[in-house]
Amino acid sequence: MAEHTASLENHPPTSATRIEVYGWTANGIESRQCATLAEATGLLPRFRCAWIDMEGIQPADCAMHLEAAIGLTPLGSDTLIEGVRRPGADDFGQITIVTMRSHSAWSGVEFIDFLIAPNLLVTIQEKTGGDSFGAVRERLRLPTPHLMRADENLIFLLLARAICEGFGPLLREYNDNLEKFERVLMQHPDASMLDRIHEHRRQLLFIRQGLAPLYQALSSLHGPSVRRDSTSQDAYARLAALRELQDETGALLDVVEFQKDSAQHLLDLYLNAASNRLNEIVRVLTIISVIFMPLTLIAGIYGMNFHGDPPYSMPELEWKYGYPYALLLMLVCVIFLMGFFRHKGWLGDPLKRQKDSATTPRRANDGLRSPTALILSRRRGKNNRLPL
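Residues numbered from 1 in each chain as written. Predicted model: local features only at pLDDT ≥ 70, side-chain atom pairs only at ≥ 80, totals over all residues. Heavy atoms only, no water.

1. Some remarks on the overall build of the chain
Right, on to step 1. Each helix and strand in the chain was counted, giving 14 helices and seven strands.
Right, on to step 2. Buried positions account for 41% of the 388 residues belonging to the chain.
Right, on to step 3. Taking the intrachain contacts of the chain between residues at least 6 apart in sequence as the baseline, contacts between residues at least 24 apart amount to 65%.
Right, on to step 4. If you sum the accessible surface of the chain, you get close to 22300 Å²; carbon and sulfur atoms cover 57% of it. (Helix = DSSP H or I, 4+ residues; strand = E, 2+ residues; numbered from the N terminus. Buried < 20%, exposed > 50% of the residue type's maximum accessible area, 1.4 Å probe, protein only. Contact = heavy atoms within 4.5 Å. Areas by Shrake-Rupley, 256 points an atom, 1.4 Å probe, with all protein chains shown as cover.)

The structure is reproduced here in structure tokens:
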């Protein structure tokens, strides 16, 4: 491991690797491309605050150098090298390590490590070719007075928010698909929809696995014992940033839980619709059977063909109107039973139901946005609001 780390520190990385330093000075924000991690850490004394942005680098490859350059504890270094790769947050003295799972259209799913140190933020990404930080980099190239006064906690919060906003398009797509599935299931229940609903539910569970551990870890970081031990202003600022990230994560968890319950509701809706459809088929078959029972009885009676002397004979057999009489009797039975079933409400009128549904007044809350849209649009500020 030491040989691998030394190679990274003293020799230029591969063409896919990118190391960029954003430094805050009295005159503005400077951006420098660096060939090695040692070159990047050598620039830190020039800046009031800095962000080292690394792409295409494994956390284990730079842990040893960060241990010597920024004072990362051996336990923190071991966490980057041998730790379990899952979202979470750990506090190692003056340095806090936060691991988030990003879902973006450019790099897909990847883990991003944040190292928050006094006046320094380090981000480590394994993949290259694009991430969720593009909008933040554009804002730093044309900084506002607010960004000019930023510290490592605000930079971390901006980047973490960018990752959280990357979930927005994915969750909106899932929400639209679930609403489409619901409309289809209400009209024409189809067994082929079950696989698609199950796939969406599995994807939502996968997203939840990337949010719930982070939310729980952030909760433990700013618990009562941590707040009591953290008395400096910088510690309180970092806890405030972590608390804000917890709120962002909690909002996403609300959306995921709502959509997961919606997917389960669709599964129940399909099962209920299939059961109702089976009951409808059985009801129709039962009505047909009941209608033909008296017809079968009449046909059975007059099919016995008993000839003999009155009164023990069947006079209808010799009656010239016997056949029309039997048919008329059958017709009367059918009309009576159809009227009886309609009076009881067992025979529906499809045309009437369609007309009633077409003239049903619109509900008062139909114009409201879905809960997914409402939760994802709760961010304050017009410029930072997620487009819906």
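2. Focus: the environment of Pro118
Right, on to step 1. Position of Pro118 relative to the elements: it lies in the loop between strand S6 (108-117) and strand S7 (120-125).
Right, on to step 2. Along the backbone, Pro118 and Asn153 are 35 residues apart, and their C-alpha atoms lie at a distance of 9.1 Å.
Right, on to step 3. Dropping the residues within four chain positions of it, Pro118 is found in contact with Gln94, Glu152 and Arg238.

3. Notes on the packing of aromatic side chains
Right, on to step 1. Counted under the stated rule, the structure contains eight aromatic pairs.
Right, on to step 2. Taking the centre distance of 5.0 Å and the plane angle of 20° together, the rings of Tyr22 and Trp51 count as stacked. In this pair, Tyr22 sits in strand S1 (residues 18-24) while Trp51 sits in strand S3 (residues 49-55), placing the two residues 29 residues apart along the sequence. With respect to burial, Tyr22 and Trp51 carry one shared label: buried.
Right, on to step 3. Plain terms: the ring middles of Trp319 and Tyr321 are 5.9 Å apart, the flat faces sit at 80° to each other, and that makes the pair edge-to-face.
Right, on to step 4. Over the ring of Phe206 we find Arg101, and its NZ or CZ is 4.0 Å from the ring centre. (Phe/Tyr/Trp six-rings, centres within 6.5 Å; stacked < 30°, edge-to-face > 60°. Lys NZ or Arg CZ within 6 Å of the ring centre and 35° of its normal.)

4. Regarding the pattern of salt bridges
Right, on to step 1. Overall, the coordinates contain 14 salt bridges when judged by the stated rule.
Right, on to step 2. For Asp53, the salt bridge identified is with Arg18, shortest N-O distance 2.6 Å. Of this pair, Asp53 sits in strand S3 while Arg18 sits in strand S1, and the two are 35 residues apart along the sequence. Across the pair, Arg18 and Asp53 agree in class, each one buried.
Right, on to step 3. Between Glu257 and Arg208 there is a salt bridge; the shortest N-O distance is 2.4 Å. One end of the pair, Glu257, is in helix H11 (residues 233-302); the other, Arg208, is in helix H9 (residues 192-221), and 49 residues separate them in sequence.
Right, on to step 4. Taking relative accessible area as the criterion, Arg208 reaches 33% and is therefore assigned partly exposed.
Right, on to step 5. Bridged by salt links that share partners, the residues Arg18, Glu20, Asp53, Glu55 and Arg137 form one connected network. (Salt bridge = Lys/Arg side-chain N within 4 Å of Asp/Glu carboxyl O.)

5. Some thoughts on a nonpolar patch on the surface
Right, on to step 1. Taken together, the side chains of Ile281, Val284, Leu285, Ile288 and Phe292 present a nonpolar region at the surface, about 450 Å² in accessible area.
Right, on to step 2. Inspection of the secondary structure assignment puts Leu285 in helix H11. (Patch = residues over 30% accessible without salt bridge, like charges linked within 9 Å, V, L, I, M, F, W, Y side chains within 5 Å.)

6. Some words on the confidence of the model for the chain
Right, on to step 1. Per-residue confidence for the chain gives a mean pLDDT of 80; residues scoring 70 or more make up 81%.
Right, on to step 2. Of the regions scoring below 50 in pLDDT, residues 1-15 engages in 24 contacts with residues more than four places distant in sequence or in other chains.
Right, on to step 3. Contacts of residues 350-355 to residues separated by more than four positions or lying in other chains number one contact, the stretch itself having pLDDT below 50. (pLDDT = per-residue confidence, 0-100.)

7. Points about the packing of helix H8 (residues 167-187) against H11
Right, on to step 1. Across the interface, H8 lies against H11 with an axial gap of 10 Å and an inter-helix angle of 15°. As the angle between them shows, H8 and H11 are arranged roughly parallel. In this structure, the crossing between H8 and H11 has a hand that is left-handed. Across from Phe167, Leu171, Tyr174, Asn175, Leu178, Phe181, Glu182, Leu185 and Met186 in H8, the residues of H11 making contact are Leu252, Val255, Val256, Phe258, Gln259, Ser262, Ala263, His265, Leu266, Leu269, Tyr270 and Ala273.
Right, on to step 2. Here the residues of the contact of H8 with H11 sort into 16 nonpolar, four polar and one charged. (Axes fitted to C-alpha atoms, helices over the stretch in contact; angles between N-to-C directions. Parallel < 35°, antiparallel > 145°, perpendicular 65-115°, else oblique. Left-handed = near helix turned anticlockwise from the far one by under 90°. Nonpolar A, V, L, I, M, F, W, Y, C, P; charged D, E, K, R; others polar.)

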